[in-house]
Amino acid sequence: MLCALATASLPSHAAAADHHARLRAAAARSDLPGALAAFAAMSSSPYATARPVLRTFTALLKLCAARGDLPTGRAVHAQLAARGLAAESLAATALANMYAKCRRPADARRVFDRMPDRDRVAWNALVAGYARNGLAEEALGMVVRMQVEGGERPDSVTLVSVLPACAAVQALDACREAHAFAVRAGFDALVNVSTAILDAYCKCGAIEAARAVFDRMPVKNTVSWNAMIDGYAENGNATEALALFKRMVGEGLDVTDVSVLAALQACGELGHLDEARHVHELLVRIGLRSNVSVMNALITTYCKCKRSDLAAQVFYEMEKKTRISWNAMILGFAQNGCSEDAVRLFSRMQLESVKPDSFTLVSVIPAVADISDPLQARWIHGYSVRQHLDQDVYVLTALIDMYAKCGRVSVARSLFNTARERHVITWNAMIHGYGSHGFGKVAVELFEEMKSNGKLPNETTFLSVLSACSHAGLVDEGRKYFTSMKEDYGLEPGMEHYGTMVDLLGRAGKLDEAWSFIQKMPIDPGISVYGAMLGACKLHKNVELAEESARRIFELGPEEGVYHVLLANIYANASKWKDVARIRTSMEKKGLQKTPGWSIIQLKNEVHTFYSGSTNHQQAKEIYARLAKLIEEIKAVGYVPDTDSIHDVEDDVKAQLLNTHSEKLAIAFGLIRTSPGTTIQIKKNLRVCNDCHNATKLISLVTRREIIMRDIHRFHHFKDGKCSCGDYW
């Protein structure tokens, strides 16, 4: 009551000032409800001087625009119209700005078109509105109309508004015109204009032009540095991005989340673990540890640096995790070979009621594929169906690839046939699936079907079909497709394509043609190309070309000892024992080791790993007893140990060593633990040797079991004494 009396006793001019002051104060603190309360008080005031004025409405519209409050903005528009003020230049400009920021550019345009007079501020409002709503061409068109129809010359606000529109449509020429205009008008001296110019150049891929603008800027702010660093990162120049970030830090400038995100991206692309750790320390010091986007980027960076353990530490220490955090960690585990960790984290994600999306599934499905367990494959497939994500083209493609890698290529084809949409990656997955199982002719038929359906193959398509030809010995088809890649589709073959062609020719025994092919390559052959040649030399016992291939490989400095081992085996097969000793000594000096062979079999969600000659399995005694019996059974149907791959020991010891190869141990374990008639599936990290291949064919015969073996190169389906590869692998 006292407050009411006090207000009532105020003179009319004091009451008016009070209401207007309340509204200005509310606007200053972005308090729309408070501003509306002040507006309501004005509207009901008995004093004319306390009533709303034009600036009252523009202040309300500014608040509505900032909050994206379209309903309230429309109500203010109605009030303006009722008072006959909507056509006023100041009001109309505020209305256009409000509608644009509320993502209603068409309404903004209608307000603009009704304006009897338009000043530069009004034109700029519409240009900015179009640009903000992704209507880049309309924004550019308004700048032209602004000059031709409105007679208004663009100013710095126009430039800062239109340059993002130029970048959005990759209009590099328009960026250059805007830049030239800015220089002529003297606007390039303004830091916000020069920053907008260099940012637009970066987004158009003109990174050198952007750097020239950056270097000429008399004054640079944090936004300028961030734009340049991010520009380098987004344009694939991680080295420059990181160098500029370090310079920014060294000059004592304020580092923000934008610059840290770009630096982390650069560290990940370069695989620079030490630099990533330094950025990690910095972001903690400047208080970005609670920034979820930054921490998500840090997880991704550590994973790209092959340190998923550090990424996991960051992930588990995060107080607040988003779905993106979970996705980044699951993908990181999968890409670093920690497939079981990826699947476990996916299960935990569901327990914590974080709803997965298509990206989650596309991240975890390859992990299931790597484990190669058909039961888990069916489980994740069922989950994607229940989540209505199975027809997402990327999820579907991942499922097709997964089933193929789990040895169920027929299921993969069924999914392929039911796909409502087939992207090029979907065709690629199915073609690759057939190729990896040795069904080269079917892969070629599918490739031809793809072309007849009007789908354009890409580099991955050709790599898949060439690989399929290589596994199936389709030399003529492989030659044809390699030539077609460039002549018919304008696709430049990469190192992997050349390596696959060498593998195709070499595997077929055409070593001279393969070597000639290498000599004619338009790019310098890499380790993969000479490695394919070396493998073919071992297969066909060509010591001379093997030595030359190995020499080229060693000059390129391989990080693994596999090629040294391969050459040593070639020498051993040729009884060149001095050369064998020389290679082994070289390996010791370089600290290179032979990759130990292992085989895994998964039963009832448990993964069992076997190494050659290992005896640490809890059922080792039963396994070796079953294996001994198995060897006697297959000897009865013609098995003779192939001892060519073992040297330096007596013949009886050679046979004993062969009998304890990891794949034989895994198969014996599978026979013990599964019921008669059950398919046994194992995975091996190296190429299956000749002896194990022959033995497994006969094991499938005497046990009447189908055995699916996935080695480092392909799948082998053993059944009734035969293999799907036709002994061509």
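Keep in mind it's a predicted model, so treat the numbers as computed, not measured.

A separate point is the overall build of the chain. Each helix and strand counted, the chain has 39 helices and 6 strands in total. For the chain, the C-alpha radius of gyration of 35 Å lies well beyond 27 Å, the compact-globule estimate for 729 residues. Projected onto the principal axes, the alpha-carbon positions of the chain cover approximately 115 × 60 × 55 Å. Here the chain, with 729 residues, has 49% of them falling under the buried criterion. Sequence separation of at least 24 residues holds for 61% of the intrachain contacts in the chain that already meet a minimum separation of 6. Within the structure as shown, the chain displays about 34,500 Å² of accessible surface, and the carbon and sulfur contribution to it stands at 51%. Measuring between centres, the 85 positive side-chain charges of the chain sit 5 Å from its 80 negative side-chain charges.

The buried fraction of strand S1 (residues 598-603) is high, at 5 of 6 residues. With 6 bridges connecting them, S1 and strand S2 (residues 606-611) associate as antiparallel partners. Along S2, the bridge assignment pairs isoleucine 601 with histidine 608. Turn length for the S1-S2 hairpin, with the two strands adjacent in sequence and antiparallel, is 2 residues, and the turn residue lysine 604 shows positive phi of about 50°. Relative to strand S3 (residues 680-684), S1 runs antiparallel, the two being bridged by 2 bridges. Each bridged residue has a counterpart across the sheet, and for serine 599 the counterpart in S3 is lysine 684.

Turning next to the sheet that holds strand S6 (residues 722-723). Pairing is mixed across the open sheet formed by 6 strands, whose spatial order is S2-S1-S3-S4-S5-S6. Of all the strands in the sheet, just S2 and S6 have a single pairing partner and so form its edges.

Within the secondary structure layout, histidine 564 lies in helix H34 (residues 562-573). Contacts of histidine 564, omitting those with residues within four sequence positions, involve Phe554, Pro558, Ile583, Ser586, Met587, Lys590 and Leu592.

Further remarks concern the packing of helix H14 (residues 222-234) against helix H15 (residues 238-250). Two numbers describe how H14 lies on H15: the axes approach to 7 Å, and their chain directions differ by 155°. When the interaxial angle is binned, H14 and H15 end up roughly antiparallel. The hand of the H14/H15 crossing is left-handed. Contacts between H14 and H15 involve Thr222, Trp225, Asn226, Met228, Ile229, Tyr232 and Ala233 from the former and Ala238, Glu240, Ala241, Leu244, Phe245, Arg247 and Met248 from the latter. A class-by-class count of the residues in the contact of H14 with H15 yields 10 nonpolar, 2 polar and 2 charged.

With that settled, the discussion passes to the environment of alanine 472. Residue placement: alanine 472 occurs in helix H28 (residues 459-472). Taking relative accessible area as the criterion, alanine 472 reaches 27% and is therefore assigned partly exposed. Separated by 35 residues in the primary sequence, alanine 472 and arginine 507 have C-alpha atoms spaced 9.8 Å apart.

Another aspect to go through is the packing of aromatic side chains. A complete count under the given rule lists 18 aromatic pairs for this structure. Centroid distance phenylalanine 39 to phenylalanine 57: 5.5 Å. Interplanar angle 70°. Geometry classified as edge-to-face. With phenylalanine 39 in helix H3 (residues 32-43) and phenylalanine 57 in helix H4 (residues 54-67), this pair connects stretches of sequence that are 18 residues apart. The same class applies to phenylalanine 39 and to phenylalanine 57, which are both buried. Between tyrosine 434 and phenylalanine 439 the ring centres are 6.5 Å apart and the planes differ by 70°, which places this aromatic pair in the edge-to-face class. Accessibility expressed as a relative area gives 9% for tyrosine 434, which makes it buried.

Moving on: unusual backbone geometry. In this structure, arginine 704 takes a positive phi of about 55° despite not being glycine. Inspection of the secondary structure puts arginine 704 in the loop between helix H39 (690-703) and strand S4 (707-710). For arginine 704, a relative accessible area of 73% corresponds to the exposed category. Notably, aspartate 727 is not glycine yet its phi reads approximately 60°, a positive angle. Classification of aspartate 727 by relative accessible area gives partly exposed; the value is 43%.

Moving on to the pairing of S4. Residue alternation in S4 divides its side chains into two sets, Ile707 and Met709 and Ile708 and Arg710, and both sets are buried. Bridge count for S3 against S4 is 4 bridges, and the pairing is parallel. In the sheet register, glutamine 681 faces S4, and the bridge partner there is isoleucine 708. Between the parallel pair S3 and S4, the chain is carried across by H39, and the sense of this crossover is right-handed.

Another aspect to go through is the pattern of salt bridges. Under the defined criterion, the tally for this structure stands at 34 salt bridges. Residue lysine 486 is joined to glutamate 492 by a salt bridge in which the shortest nitrogen-to-oxygen separation is 3.2 Å. It is possible to trace a salt-bridge network through shared partners that takes in Arg74, Arg104, Asp107 and Arg110.

What follows deals with the side chain of histidine 280. Secondary-structure assignment places histidine 280 in helix H17 (residues 273-285). In this structure the side chain of histidine 280 is engaged in a polar contact, spanning 2.9 Å, whose partner is the side chain of tyrosine 302. Not counting residues up to four positions away in its chain, the partners in contact with histidine 280 are Leu298, Tyr302 and Val314.

Compared with the 18 Å implied by 1.5 Å per residue over 13 residues, the 18 Å span of helix H8 (residues 120-132) between its first and last C-alpha is a close match. Inspection of H8 places Ala122, Trp123, Asn124, Ala125, Leu126, Val127, Ala128, Gly129 and Tyr130 among the buried residues, and these make up the whole buried set. If you follow the buried residues of H8, they end up packed against helix H6 (89-101), helix H7 (105-113), helix H9 (136-148) and helix H10 (156-168). A positive phi of about 75° marks glycine 134, the residue just after H8.

An α-helical segment advances 3.6 residues per turn. Residues three or four places apart therefore align on the same side. For H9, which comprises 13 residues, the first-to-last C-alpha distance of 19 Å matches the rise-based estimate of 18 Å (1.5 Å per residue) to within 8%. All buried positions along H9 are accounted for by Ala136, Ala139, Met142, Val143 and Met146. The arc enclosing the buried residues of H9, seen along the axis, measures out at 120°, which places them on a common side. Facing away from the buried side of H9 by over 90 degrees, the exposed positions are Glu137 and Val148.

The rules we used
- Numbers given to residues run from 1 along each chain, matching the order in which its sequence is written.
- Where totals are concerned, whole chains, interfaces and linings use all residues; where local detail is concerned, this predicted model gives features only for residues with pLDDT of at least 70, and gives and counts side-chain atom pairs only at 80 or more.
- Side-chain measures here rest on the full set of heavy atoms in the structure, leaving out hydrogens and waters.
- Helical segments are the DSSP runs of H or I of at least four residues, strand segments are the runs of E of at least two, and each set is numbered from the N terminus.
- Throughout, the radius of gyration refers to the C-alpha atoms, and the reference size of a globule is 2.2 Å times the residue count to the power 0.38.
- The rule is simple: take the accessible area with a 1.4 Å probe, protein chains only, and divide by the maximum for that residue type; under 20% is buried, over 50% is exposed, in between is partly exposed.
- The contact criterion used throughout is that any non-hydrogen atoms of two residues lie within 4.5 Å.
- Residue-level accessible areas treat just the shown protein chains as cover; the underlying method is Shrake-Rupley with a 1.4 Å probe.
- This count recognises Lys and Arg as positive and Asp and Glu as negative, with His and chain-terminal groups excluded.
- For charged residues, the charge sits on one atom: NZ in Lys, CZ in Arg, CG in Asp, CD in Glu.
- The rule for pairing is simple: two strands pair if DSSP sees at least two bridges between them.
- To obtain each axis, a line is fitted to C-alpha atoms, and for helices this fit is confined to the stretch in contact; angles are then taken between N-to-C directions over 0 to 180 degrees.
- If an angle is under 35 degrees, it is roughly parallel; if it is over 145, roughly antiparallel; if it lies from 65 to 115, roughly perpendicular; otherwise it is oblique.
- Left-handed is the label given to a crossing in which the near helix is rotated counterclockwise from the far helix by less than a right angle, and right-handed is the label when the rotation is clockwise.
- Amino acid classes used here: Ala, Val, Leu, Ile, Met, Phe, Trp, Tyr, Cys and Pro are nonpolar; Asp, Glu, Lys and Arg are charged; the rest, including Gly, are polar.
- Side-chain rings of Phe, Tyr and Trp (the six-membered ring for Trp) are treated as a pair once their centres are within 6.5 Å; stacked means planes under 30 degrees apart, edge-to-face means over 60, and tilted covers the remaining angles.
- With strands facing away from the observer, any crossover in which the path from the first strand over the helix to the second runs clockwise is taken as right-handed.
- Just to be clear on terms, a salt bridge is a Lys or Arg side-chain nitrogen sitting within 4 Å of an Asp or Glu carboxyl oxygen.
- Pairs of N or O atoms within 3.5 Å make up the polar contacts considered here, provided that, within protein, one atom can donate a hydrogen while the other can accept it, and that residues adjacent in sequence are counted only when both atoms are side-chain atoms.
- Here a helix's expected span is defined as the number of its residues, less one, multiplied by 1.5 Å.
- Directions are taken from the helix axis to each C-beta atom, and the arc is the one they span.

So yeah, pure geometry; function would need other evidence.
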